[in-house]
Each structure stands twice: as C-alpha cells, then as structure tokens.
Amino acid sequence: MAESLKERLIGVGFRLGWKAICRVPQSWARWAFVTAADIAWRRQGPAVQRLEANLRRVIGYEEMDPDEAGKALRDLSREALRSYARYYLEAFTLQTIPAERILDGMHIEGPNEQVAFDYMKSGRGVLFVLPHMGNFEQAGAWIVLRGAGTFTTIAERLEPESVYQAFVKFREGLGMEVVPLTGGPNAFGVVAQRLRAGGLACIVMERDLKDSGIEVDFFGEKAKFAATAALAVHTGAVLMPVATWFEGEDDWGAHIFDEIPVPQTGDRKEKVRVMTQRLATVFEQAIREHPQDWHMLQRVFVADVEPGPS
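The structure reproduced in this document is the subject of the present report. (Residues numbered from 1 in each chain as written. Predicted model: local features only at pLDDT ≥ 70, side-chain atom pairs only at ≥ 80, totals over all residues. Heavy atoms only, no water.)

1. Considering the environment of Arg 288
Step number 1: By the secondary structure assignment, Arg 288 is in helix H11 (residues 268–289).
Step number 2: Using a relative accessible area of 46% as the deciding quantity, one classes Arg 288 as partly exposed.
Step number 3: Distance from Arg 288 to Gly 149, taken between C-alpha atoms, is 32 Å for residues 139 residues apart in sequence.
Step number 4: In contact with Arg 288, not counting residues within four places along its chain, are Val 58 and Phe 219. (Helix = DSSP H or I, 4+ residues; strand = E, 2+ residues; numbered from the N terminus. Buried < 20%, exposed > 50% of the residue type's maximum accessible area, 1.4 Å probe, protein only. Contact = heavy atoms within 4.5 Å.)

2. So, unusual backbone geometry
Step number 1: The phi angle at Gln 44 is positive, at roughly 55°, despite the residue not being glycine.
Step number 2: Inspection of the secondary structure assignment puts Gln 44 in the loop between helix H2 (26–43) and helix H3 (46–59).
Step number 3: Judged by its relative accessible area of 24%, Gln 44 is partly exposed.
Step number 4: Located in the positive-phi region is Phe 219, a residue other than glycine, with phi close to 55°.

3. Side note on helix H7 (residues 136–148)
An α-helical segment advances 3.6 residues per turn. Residues three or four places apart therefore align on the same side.
Step number 1: With 13 residues, H7 extends just 15 Å between its outermost C-alpha atoms, more than 12% less than the 18 Å of an ideal straight helix rising 1.5 Å per residue.
Step number 2: Buried within H7 we find Phe 136, Glu 137, Gln 138, Ala 139, Gly 140, Ala 141, Trp 142 and Ile 143.
Step number 3: Two or three places before Glu 137, at the opening of H7, Asn 135 has a side-chain oxygen 3.0 Å from that residue's backbone nitrogen.
Step number 4: Immediately beyond the C-terminal end of H7, within one or two residues, lies Gly 149, with a positive phi of roughly 75°. (Expected span 1.5 Å × (residues − 1). Polar contact = N/O pair within 3.5 Å; in protein donor to acceptor, adjacent residues only side chain to side chain.)

4. Thoughts on the nonpolar core
Step number 1: Counting residues in hydrophobic clusters, the biggest one holds 97 residues, and the most contacted among them are Phe 128, Phe 218 and Leu 239.
Step number 2: If one sorts the elements of this core by residue count, helix H4 (residues 66–93) sits on top with ten residues.
Step number 3: When sequence neighbours within four positions are dropped, the list of residues in contact with Phe 218 reads Ala 223, Phe 225, Ala 280, Phe 283, Glu 284, Ile 287, Trp 294, Val 300 and Phe 301. (Core = buried A, V, L, I, M, F, W, Y, C linked by side-chain atoms within 4.5 Å.)

5. Examining the packing of aromatic side chains
Step number 1: For the coordinates displayed, the defined rule picks out twelve aromatic pairs.
Step number 2: Note on Phe 218 and Phe 219: the rings are 4.6 Å apart at their centroids and 55° apart in plane angle, and the pair reads as tilted. Phe 219 shares its class with Phe 218; the two are buried.
Step number 3: Here Phe 218 and Trp 294 contribute two aromatic rings whose centre-to-centre distance is 6.1 Å and whose plane-to-plane angle is 80°, an arrangement assigned as edge-to-face. Highlighted residues: Phe 218 in strand S6 (residues 214–218) and Trp 294 in the loop between H11 and helix H12 (302–305), separated in sequence by 76 residues.
Step number 4: The class of Phe 218 is buried, set by a relative accessible area of 0%.
Step number 5: The buried category is assigned to Trp 294, whose relative accessible area is 0%.
Step number 6: By the ring-pair criterion, three or more aromatic residues cluster together here, those being Phe 218, Phe 219, Phe 225, Phe 283, Trp 294 and Phe 301. (Phe/Tyr/Trp six-rings, centres within 6.5 Å; stacked < 30°, edge-to-face > 60°.)

Printed below as a string of structure tokens:
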C-alpha cells in the first residue's frame, strides 16, 4: 500500500533526524527536544492523556487533595515526556557516541550482570524482558559492547514502513538481529531457535500487541502482557527481567533482576501465566522507582481497552 503524504513526511523527518541531529551542538539539540516535549505536554493530546492515565495508576493519588494530586500528576507527566524526548534524541545520536562512553556511563544495580554472562558462557540461552523504560537501545548497545555479541529482538511494525525500516537499520547498526512481529518469519520461532542455540534475546513486553496476551494484576488493576515467558518454557532459556532508566543528564542505569524460573507444577499455559505475573510484579517495582522514565503512551490496562458495561 502506498504511503500517504503525512506518512512520507514522517519518514523524511526521521531520516533527517538520523542525518542531521548528530551534526548540531548537543546543547542545541537537547534544548529543541525538551521544548518539543513541553509543547506536546501543554497541548494535552490523546497520547499525553493516555500517559497520564497510566501514571495515575503508578503513583496512586487517592489520599491527596484533588488539586494537589492533579498538579503532581501533571508535573510527573511533563518529566516523563522530557524523558521520552531524551530517548529519541539519543536514538538519533547513539551511533556517534563513543563505545567507552556507552560502557562507562551505564551503571548496573545488583549482582546479576555477571550471572547473566555466566549463563551465556555456559551455552544456555538468556531471555531479557524489559518494560518501555529509559533507553533500551542504549542498553542493547551496551550489552553488545560488554561482550555478549549480537542478540535477537522483536520489533513492532511501525507505520509508515519507512520509519520501521529506519529503526531496523539503526538497531542492526548497533549489533542487533531484528525480527518483525508481523509481516515476516514467525517471530516466536526465530527467537526460540536462537535461545535453544544458547543465544541472547531482549524483548520489550508490557503490551499485548497480538491480542493473545496474558492477563495480569498490574498496579492494582488488570492488564495484558505479551506471552513472552512462553519462550523460556519452550526452550529452557533463563528468563531475567531488566529495567533501564536515565541517570542525570548523561548517564544510564539498569537493574538485571533475579531469574524467574519455570514452575515445577502446572501445564504450559499455567506456567506461562505464573511467570508473566511475576514479571508484572517486578516491572511494578522498577516503574515505581523511576516513574518519569516509563514511556507508556499507549493503552495497557484492560479498563482502558475494553468498554465497560452500558
């Protein structure tokens, strides 16, 4: 299907971003992206309203004065949009950041960094699953530079197609193998094959993109997550949640959480459900600690997706 004029203009804008942003002074680029985020925040478009609806569940303002709660939520959503703008700024410039800067600027919490690499050295597949937080592209570049080699990820097929292809080219340039969620080989099968061979896969998963997700309790409500945990059940790979966030103006943080093992009892469907709920609980913890870096401008909660009773 031919792209519309709007889609072509969006595609041109993204291509110019990758070519031009890295050529202007960093301070200018940062100012421009923050300004764009603030304009979007003031306009209160549908995406910003969805972001605030999601953040309202995270923080829980029920015990606050309504006026104070509204101001606190608006302040948080502004910081979240600025964080999201930083993600895009870094996406356009990441390939120009020196490898030493990516390695030195990443701060890993906890002991599981070495645990994960030990699993990979032993020949067992490792499956990292992440929420939409911070800059997971930078985390991908970091893990390649850290010595993991290439890894496999699944990408939602964005529209227009030119933007999707630009992101694929960008991610492949960082050392990733990108498998399309739709319109290509069976994504589940490709990732399962890589994991069985002892490879690494990294998947962002707190949205149900194929209407086949698992219902979980998430911030006190029902939500649907992708059934990514099934990959660990089917392949025997190590399933490890990971969260990423921004630290200061220039650094990044990450936490590789403990492995979520496959339960000893239950059929495959029940095992996937239990593991997915455990992932949701870990994601809750990470998002509560860094809510401004949760870039969720889409519907996640069942109450926002499914119509209520008439």
